[in-house]
Amino acid sequence: MRVCVQILRQFCFNSATKRIVEIPDLQWEKSQLNRNVACRFFFIWFPDLTELKLPVSDPNPSLCVCVLLTLQWDTDPSVLQLQSDSELGRKMQRLGATKITQVDFLPREVVLYCKETQTPITGTEEEDDEEIIDLEPALESDQQEEVDNKETREGYPGRELTEEEKQQILKSEEFLSFFDCSIRVMERALAEQSDIFFDYSGRDLEDKDGELQGGSSLSLSRLFYDEHWSKHRVITCLDWSPQYPELLVASYNNNEDAPHEPDGVALVWNMKFKKNTPEYVFHCQSPVVAVGFARFHPNLVVGGTYSGQIVLWDNRSHRRTPVQRTPLSAAAHTHPVYCVNVVGTQNANNLITVSTDGRMCSWTQPISTPWDFMELVYNKSKPVAVTGMAFPTGDVNNYVVGSEEGTVYTASRHGSKAGICEMFEGHQGPVTGLSCHNAVGPVDFSHLFVTSSFDWTVKLWSTKHNKPLYSFEDNADYIYDVMWSPVHPALFAAVDGMGRLDLWNLNSDTEVPTASVTVEGASALNRVRWASGGKEVAVGDSEGRLWIYDAGELAVPHSEDWARFARTLMEIKANRGDAEEEGLVELTP
Amino acid sequence: MAEVEETLKRIQSQKGVQGITIVNAEGIPIKTTLDNSSTVQYAGLIHQLVMKARSTVRDIDPQNDLTFLRIRSKKSGIMIAPDKDYFLIVIQNPSD
């Protein structure tokens, strides 16, 4: 039997040091191999190897050789053929790379809470977390990632801005516009404080505020007063917005106690929200004596001032000063402008202003020089000192003016009889307020108007007669303003110097007002204005306070009110005819 | 500029208002009526909250945007009016 041995590696055991050392190169001679060897599988131990020239200096060397045995037997069919690892035996064992299968393991999804504390966390409990944080797990939205990056970059509290930078930002245009809008929203939100958590079972219901009453009487709804802008100023004029029924503008006189503040102030108040500060604050250099919303330009507020200037404010700009104003020239007004009115239609409208020197001007946008002006002169000699002006409903040409002498005139803007037409005498004092009949209904009463005067009376007139139809004499002080209800044909409101607000319903009683209320503090009431829905009436007083009263049931017209009013009128005329012997001068309109 | 001061003072003096802070888009306070540490704390926390709220609104509907955020808690309330570049934060005590 022959054995083929292939020597793979050679080791030598040093019995002294008890170490196994590998011998790299060992050449075998044929003769040595012929010895009897005790063969163990794979390891052949050679006991006596002194003859081998071993590179180790060992007194008692012994050699162990690691071999791979390949057994070859005779090709005797009776002998077993053992083929063990024959292929491997032939070649040198070489380690090479096997086929690599790539397996991708995604990093574990970790839920991260963006919670940061003030003290930076140094070293967490688990090292796993740290590793995972370093991996920066992918998140859905880019914004989130950016924010996270910012947080990790900036840390907490973030970089500071210098004082200068802050001032810069505070002055910038975009900051101011942001501030303007968001402060308004915030104030409304602050005012709308209702306790949504109120538990009705927890406590007894106290008596409710007197909000539920106010059915058939005049009740106070709101008070608008601004500490800064309203104090010590008289309310000179009021107007409700035609576009937003909850807005109204009030103009204020100058504040004698504060000479450095602007003389003229106009505040726009909002009834809808509970906040008690004005929506917009406008001011100008001269006391504002007349104000109105520009009827066809929702963003503009027109003011007439004591100096004769007409000013225009725009709520789109952040400026509180006027965006446009007329020049102080002889071509325009040089006297206080007590009436401003926008008449016309959407496409053809004019701003009509009248001052106390009798000049009436009509302006178009942009206002720089009047488009048309006219001197209101009676009988071509006497200029009319106009204190009030009103256009009857639907009429853009003819109008009524009241004067300081107590006379009322009708006039027209265009036509052959342009200028003053007729004179109505009756009042013994300056006419303070003038109102043409507004309510539109089955019967036309547009020829009626009421006037109020310093002579303690309110008089009812018709444009067809030059003497008053009726005189209401319930008051004991100067009557400062009067206005017909926009919805009820027989209802008008009047305010006087004792703080009284009277509602007269001519269908019920012509001798005394149907409802009357005195404002708190009994300051003189300067102006009264019905809201366009006819439910609320706003009064402005001499202390700068703006009271909104709810007229309730009184102000709701019924369909028979028109017919009743027609009868009332006839009665009035009949009584009048009896009382006064002189014949009425019928005027052709 | 003085109007901004005046308006802030007026709102500060209203009933229930504890403090007002104006923060820019990066979360840095610009103007405040609170003390420094509270301001910084509120600014950082609320800035993150508003960003999250805004992204929530936007994710649900990309055309939508956050206009107002109001937080009610047991002891206080926070109202935030966010804008593209700034936030106005008002902290209040719901005393009533």
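All residue numbers refer to position in the chain's written sequence, counted from 1. Each chain is given a letter, starting from A, and each ligand a number, starting from 1, according to the order in which they appear as written. Two thresholds apply to this predicted model, a pLDDT of at least 70 for residue-level local features and 80 or more for giving and counting side-chain atom pairs, whereas whole-chain, interface and lining totals are computed over all residues. Note: side-chain values were computed over all heavy atoms of the structure, leaving out hydrogens and water.

Caption draft 1: Spotlight on the overall build of chain B. A count of helices and strands for chain B gives two helices and five strands. Under the DSSP-based scheme used, a helix requires at least four consecutive residues in state H or I and a strand at least two consecutive residues in state E, with every element numbered from the N terminus. Mapped from its N terminus to its C terminus, chain B presents α and β elements in the order α-β-β-α-β-β-β. Burial classification: accessible surface area is computed with a 1.4 Å probe over protein chains only, and a residue below 20% of its type maximum counts as buried, one above 50% as exposed, and the rest as partly exposed. The 96 residues of chain B split such that 48% are buried. Residue pairs at least 24 apart in sequence account for 36% of intrachain contacts in chain B once pairs closer than 6 positions are excluded. Only the protein chains shown count as cover for residues, and the accessible areas themselves come from Shrake-Rupley with a 1.4 Å probe. With an accessible surface of roughly 4800 Å², chain B has 51% of that area assigned to carbon and sulfur atoms. We call two residues in contact whenever any of their non-hydrogen atoms come within 4.5 Å of each other.

Caption draft 2: Broad picture of the overall build of chain A. The number of helices and strands found in chain A is seven helices and 35 strands. Burial statistics for chain A: of 589 residues in total, 44% are counted as buried.

Caption draft 3: Geometry of helix H2 (residues 36-60) of chain B. For H2 of chain B, with 25 residues, the first-to-last C-alpha span of 36 Å sits near the 36 Å given by 1.5 Å per residue. Regarding H2 of chain B, the residues found buried are Ser 38, Thr 39, Val 40, Ala 43, Gly 44, Ile 46, His 47, Val 50, Met 51, Ala 53, Arg 54 and Ser 55 of chain B. Helices are assigned an expected span. That span is 1.5 Å times one less than the residue count.

Caption draft 4: Seen up close, the layout of surface pockets. All names here are of chain A. Cavities and pockets are found on a 1 Å grid laid over the protein atoms alone: a cavity is a set of points where a 1.4 Å probe fits but cannot escape, a pocket is an open set with protein on both sides within 12 Å along at least five of seven lines, and a lining residue has an atom within 4 Å of such a point. Grid points are joined across faces, edges and corners, and a volume is the space filled by probe spheres set on the points. Approximately 1100 Å³ is the volume found for the second largest pocket. Here the lining of the second largest pocket takes seven residues from strand E15 (residues 337-344), the largest share from any one element. Residues were grouped as follows: Ala, Val, Leu, Ile, Met, Phe, Trp, Tyr, Cys and Pro as nonpolar; Asp, Glu, Lys and Arg as charged; and all remaining residues, including Gly, as polar. Of the residues assigned to the lining of the second largest pocket, the class counts are 26 nonpolar, 13 polar and six charged.

Caption draft 5: Quick peek at the nonpolar core. One finds Phe 175, Phe 178 and Phe 179 of chain A together with Ile 20 and Leu 88 of chain B to be the most contacted residues of the largest nonpolar core, which totals 23 residues. Put simply, the parts of the chain that give this core at least two residues each are helix H5 (163-171) and helix H6 (173-191) of chain A together with helix H1 (2-12), strand E1 (17-24), strand E4 (77-82) and strand E5 (86-92) of chain B. The dominant element in this core, judged by the number of residues it contributes, is H6 of chain A, at seven residues. Setting aside anything within four residues of it in sequence, one finds Leu 88 of chain B in contact with Phe 178, Ser 182, Ile 183 and Met 186 of chain A together with Ile 20, Thr 21, Ile 22, Met 79, Ile 80 and Ala 81 of chain B. Nonpolar core, defined: a set of buried Ala, Val, Leu, Ile, Met, Phe, Trp, Tyr and Cys residues in which side-chain atoms within 4.5 Å join the residues together.

Caption draft 6: Spotlight on the pairing of strand E29 (residues 479-484) of chain A. All names here are of chain A. Along E29, five of the six residues are buried, which leaves the element largely enclosed by surrounding structure. In short, DSSP must find at least two bridges between two strands for them to pair. Two strands pair when backbone bridges link them, and E29 and strand E30 (residues 491-496) are joined in this way by five bridges, in the antiparallel orientation. From the neighbouring strand, Trp 484 faces E30, where its bridge partner is Phe 492. The hairpin formed by E29 and E30 contains six residues between the paired strands.

Caption draft 7: Spotlight on the sheet that holds strand E23 (residues 408-412) of chain A. Residue and element names in this part refer to chain A. Taken together, the four strands give an open sheet; going across it, the order is E21-E22-E23-E24, and neighbouring strands pair in antiparallel fashion. Looking at strand neighbours, the two that pair on one side only are strand E21 (386-390) and strand E24 (419-424), the edges of this open sheet. On average, adjacent strands in this sheet sit at an angle of 30° to one another, irrespective of strand direction. Direction of pairing for E23 relative to E24: antiparallel, over a ladder of five bridges. Residue pairing across strands places Ser 412 opposite Gly 419, the latter belonging to E24. Orientation is described by axes fitted as lines to C-alpha atoms, over the contacting stretch for helices, and by angles from 0 to 180 degrees between their N-to-C directions.

Caption draft 8: Main features of the confidence of the model for chain B. Residue-level confidence of the predictor is what pLDDT reports, using numbers from 0 through 100. Summing up the model confidence of chain B, the mean pLDDT is 88 and the portion of residues at 70 or higher is 96%. Confidence estimates for the predicted assembly give a pTM of 0.64 and an ipTM of 0.83.

Caption draft 9: Focus on the interface of chain B and chain A. Across the contact, 40 residues belong to chain B and 39 residues belong to chain A. Joining two parts hides part of their accessible area as seen by a 1.4 Å probe, and the buried area is that hidden amount summed over both. In total, about 3500 Å² of surface goes out of reach between chain B and chain A, with carbon and sulfur atoms giving 63% of it. The salt bridge criterion pairs a side-chain nitrogen of Lys or Arg with a carboxyl oxygen of Asp or Glu, the two atoms within 4 Å. At the surface where chain B touches chain A, the tally comes to one salt bridge. The shortest N-O distance in the salt bridge between Glu 187 of chain A and Arg 10 of chain B comes to 2.7 Å. Pairing of N or O atoms within 3.5 Å defines a polar contact, subject to two protein rules: one partner must be a possible hydrogen donor and the other a possible acceptor, and residues neighboring in sequence count only if both atoms are side-chain atoms. Summed over the shared surface of chain B and chain A, the result is two residue pairs in polar contact (both at pLDDT 80 or more). Sort the elements by how many residues they give to the side of chain B that touches chain A and H2 of chain B lands first, with nine residues. When its residues are assigned to classes, the side of chain B that touches chain A shows 20 nonpolar, eight polar and twelve charged.

Caption draft 10: Region of interest: the side chain of Arg 545 of chain A. Residue and element names in this part refer to chain A. Structurally, the position occupied by Arg 545 is in the loop between strand E34 (536-541) and strand E35 (546-550). A distance of 3.2 Å separates a polar side-chain atom of Arg 545 from the backbone oxygen of Glu 520. Contact partners of Arg 545, with chain neighbours within four places excluded, come to Leu 223, Phe 224, Tyr 225, Ile 235, Glu 520, Gly 521, Ser 523, Val 539 and Gly 540.

Caption draft 11: Local environment of the packing of aromatic side chains. Within 6.5 Å between ring centres, the rings of Phe, Tyr and Trp (the latter by its six-membered ring) count as paired, and their orientation is classed by plane angle as stacked under 30 degrees, edge-to-face over 60, tilted in between. Taken as a whole and assessed by the stated rule, the structure comprises 21 aromatic pairs over all chains. Relative to Phe 179 of chain A, the ring of Phe 175 of chain A lies with its centre 5.9 Å away and its plane at 25°, an arrangement referred to as stacked. Pair noted here: Phe 175 of chain A and Phe 179 of chain A are both in helix H6, with a separation of four residues, about one helical turn. Judged on exposure class, the residue Phe 175 of chain A and its partner Phe 179 of chain A are both buried. With a centroid separation of 5.3 Å and 35° between ring planes, the pair formed by Phe 178 of chain A and Tyr 86 of chain B is classed as tilted. Of this pair, Phe 178 of chain A sits in helix H6 while Tyr 86 of chain B sits in strand E5, which puts the two residues in different chains. Just as Phe 178 of chain A is buried, Tyr 86 of chain B falls in that class too. An aromatic cluster of three or more residues is present, and its members are Phe 445, Tyr 470, Phe 472, Trp 484, Phe 492, Trp 504 and Phe 565 of chain A.

Caption draft 12: Representation of the sheet that holds E34 of chain A within the structure. All names here are of chain A. Within the open sheet, the four strands sit side by side as E6-E35-E34-E33. Their pairing is antiparallel. Edge strands, defined here as strands with exactly one partner in the open sheet, are strand E6 (219-224) and strand E33 (525-530). Adjacent strand axes in the sheet meet at a mean angle of 25° when their direction is disregarded.

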